[in-house]
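# Fold and contact review
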Amino acid sequence: MNIDSIWNNRFQQFYLKMVRYFSVIGMSVFYSILLVGAVFIYWYLKLLPIIPSSFYMDIFLSFFMSLLFLQTRVRTFAKKADLVFLRPMEGKLESYFKKSMVYSGLLDAVKWGIVIIIINPLLKISFYIPFLFLFLCLIVLNIRLTWVMQWLHGTYEKLLHQLIRILSFSVILFLFLMDCYFFSFLILFIQFLLFPFIFGKRQRGINWSYLIEEEEKALAAIYKFIQLYIDVPHLKRSFKRRTVLSWIIKRVIKHRQSSTFNYLFLHLFTRYNEFYYLYIRLTLIGCTIIYFSPLHSWAVILFTLFITGYQLLPLQLCINDIIQLYPVSFEERKKSFLKIVKFLLFVQLFLLNLVNFIQTDFIEASLFIVLEIIFIYVLFHFFLAKKVQ
């Protein structure tokens, strides 16, 4: 295979795979974007008039945009096998990595185009051409600064690098928003000028392990989005041992055969980051919406409970095949799974209504709780129970 064609082939393979997935979930994604977009636009337009004039919007936007710049990744389509097959030829792969940086820059430009359209009502800009030129320069600089992350060693160096990026980008953007165009472009020019002196022109080896890890993280983020609509079998799940929660589970669940899968499913939930953080995120989002918009709190709670229950269904598939040989019937295992999901939904119900009681009349909120409990039981018997395999 020609070395120059490796990047093109991997790019095509990636997009063919994405086309296959999105051909299945395309309409669902489209309707989701319409729904979420409509809700966002409605509340965004309601929020704009009530922002106080004393609010430091320029400082907030500068810092917010600088944080968004940190989310950039250089997509290299690197694979684990590259450690063996491409590493010996990395001297000939200069064009490969240049294509990766150009591609990542284009992705960033599209992302920032959408962001600028959204925050446009908050921006007080007289001349858009200099602003867009500034952003193109920042995107190029940010890609280069992201690329050199592979050569930084230790948490301290990486943290310092990120901190300098936030501060410098915030200052550049803040000066521009304050109409100090000359100083904004001057600092940007100095950064471009200093880049080769700080990071040097000497030959550096490619940190393949870092690039592969970053590529896997980027793919995992895409697959997690697709997982919201259909099952993605090869999605890698990350986990973390949460000592305090594990200790509580061991004390609460009794040691007997009938409780085996109760214990196992609850441990899987607390240790798998995907399910644990999803549950936390949905609960926090629900609480936030209820607090700021208590008028339709019951609808928000029902929707949050449904989404959480649906998103927890893949947890049943995380059990190792060997563990399934344990002498417990499928019905018992199914019962344990549903019991854990029901427990998690009732905990979520309690947390959401805790916020609801602050914003809503006590009697009205109490009546809604009865409706929500009935909804959980209907959801279990007519939907979730049929989805357990």
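Above this text sits the structure in question.
None of the values given here were measured: they were computed from a predicted structure.

To continue, consider the overall build of the protein. Of regular secondary structure, the protein possesses 14 helices and 0 strands. Listing every helix and strand of the protein by position from the N terminus yields α-α-α-α-α-α-α-α-α-α-α-α-α-α. Considering the protein as a whole, with its 389 residues, one finds that 40% of them fall into the buried category. Long-range pairs, those at least 24 residues apart, make up 81% of the contacts in the protein between residues at least 6 apart in sequence. Of the roughly 23,500 Å² of accessible surface on the protein, 71% is carried by carbon and sulfur atoms. Side chains of the protein carry 40 positive and 20 negative charges; the gap between the two charge centres is 5 Å.

Per the counting criterion, the structure on display carries 34 aromatic pairs. When the ring of Phe-11 is compared with that of Phe-77, the centres are 6.3 Å apart and the planes differ by 80°; the resulting orientation is edge-to-face. Taken together, the residues span a long stretch of sequence, with Phe-11 in helix α1 (residues 6-47) and Phe-77 in the loop between α2 (57-69) and α3 (82-85) at a distance of 66 residues. Since its relative accessible area comes to 27%, Phe-11 is described here as partly exposed. Feature note: the residues Phe-69, Trp-112, Phe-131, Phe-133, Phe-135, Phe-169, Phe-176, Tyr-181 and Phe-185 constitute an aromatic cluster, connected by ring pairs. Positioned over the ring face of Phe-14 is Arg-75, at 4.8 Å from the centre of the ring. In this structure, Lys-342 packs its charged tip against the face of Phe-380, placed 5.2 Å from the ring centre.

All right, on to the nonpolar core then. Judged by nonpolar contacts, the single largest core of 57 residues is most densely connected at Met-65, Phe-69, Phe-97, Phe-135 and Leu-138. Every element with two or more residues in this core is listed here: α1, α2, α4 (94-119), α5 (128-147), α6 (154-177), α7 (181-199) and α8 (208-227). When residues of this core are assigned to their parent elements, the largest contribution, 10 residues, is made by α5. Beyond its immediate chain neighbours, meaning those up to four positions away, Phe-97 contacts Thr-76, Trp-147, Ile-206, Trp-208 and Leu-211. Among the nonpolar cores identified, the runner-up in size contains 36 residues, and Ile-253, Tyr-276, Leu-313 and Leu-344 belong to it.

On to the packing of α2 against α6, then. α6 packs onto α2 with a crossing angle of 140° between their chain directions and a minimal axis gap of 8 Å. Between α2 and α6, the crossing angle belongs to the class labelled oblique. Between α2 and α6 lies a crossing whose hand is right-handed. Between α2 and α6, the residues in contact are Asp-58, Ile-59, Leu-61, Ser-62, Phe-63, Met-65, Ser-66, Leu-67 and Phe-69 and Arg-165, Ile-166, Phe-169, Ser-170, Leu-173, Phe-174 and Leu-177, respectively. Partitioned by chemical class, the residues of the contact of α2 with α6 number 11 nonpolar, 3 polar and 2 charged.

There is a patch of nonpolar side chains on the surface, built from Phe-182, Phe-183, Leu-186, Phe-189, Ile-190, Leu-193, Leu-194, Phe-197 and Ile-198 and spanning about 980 Å² of accessible area. Tracing the sequence through the fold places Ile-190 in helix α7.

Before going further, it helps to spend a moment on the pattern of salt bridges. On inspection of all chains with the given rule, the structure shows 8 salt bridges. As a salt-bridge pair, Glu-214 and Lys-217 come within 3.7 Å of each other at their nearest N and O atoms. Of the two residues, Glu-214 and Lys-217 are both situated in helix α8; the distance of 3 residues between them amounts to about one turn of the helix. On the basis of relative accessible area, Glu-214 is assigned to the buried category, the value being 16%. Of the residues examined, Lys-217 reaches a relative accessible area of 37% and is grouped as partly exposed.

What counts, and where the lines are drawn
- Residues numbered from 1 in each chain as written.
- Predicted model: local features only at pLDDT ≥ 70, side-chain atom pairs only at ≥ 80, totals over all residues.
- Heavy atoms only, no water.
- Helix = DSSP H or I, 4+ residues; strand = E, 2+ residues; numbered from the N terminus.
- Buried < 20%, exposed > 50% of the residue type's maximum accessible area, 1.4 Å probe, protein only.
- Contact = heavy atoms within 4.5 Å.
- Areas by Shrake-Rupley, 256 points an atom, 1.4 Å probe, with all protein chains shown as cover.
- Lys, Arg positive; Asp, Glu negative; His and termini not counted.
- Charge placed at Lys NZ, Arg CZ, Asp CG, Glu CD.
- Phe/Tyr/Trp six-rings, centres within 6.5 Å; stacked < 30°, edge-to-face > 60°.
- Lys NZ or Arg CZ within 6 Å of the ring centre and 35° of its normal.
- Core = buried A, V, L, I, M, F, W, Y, C linked by side-chain atoms within 4.5 Å.
- Axes fitted to C-alpha atoms, helices over the stretch in contact; angles between N-to-C directions.
- Parallel < 35°, antiparallel > 145°, perpendicular 65-115°, else oblique.
- Left-handed = near helix turned anticlockwise from the far one by under 90°.
- Nonpolar A, V, L, I, M, F, W, Y, C, P; charged D, E, K, R; others polar.
- Patch = residues over 30% accessible without salt bridge, like charges linked within 9 Å, V, L, I, M, F, W, Y side chains within 5 Å.
- Salt bridge = Lys/Arg side-chain N within 4 Å of Asp/Glu carboxyl O.

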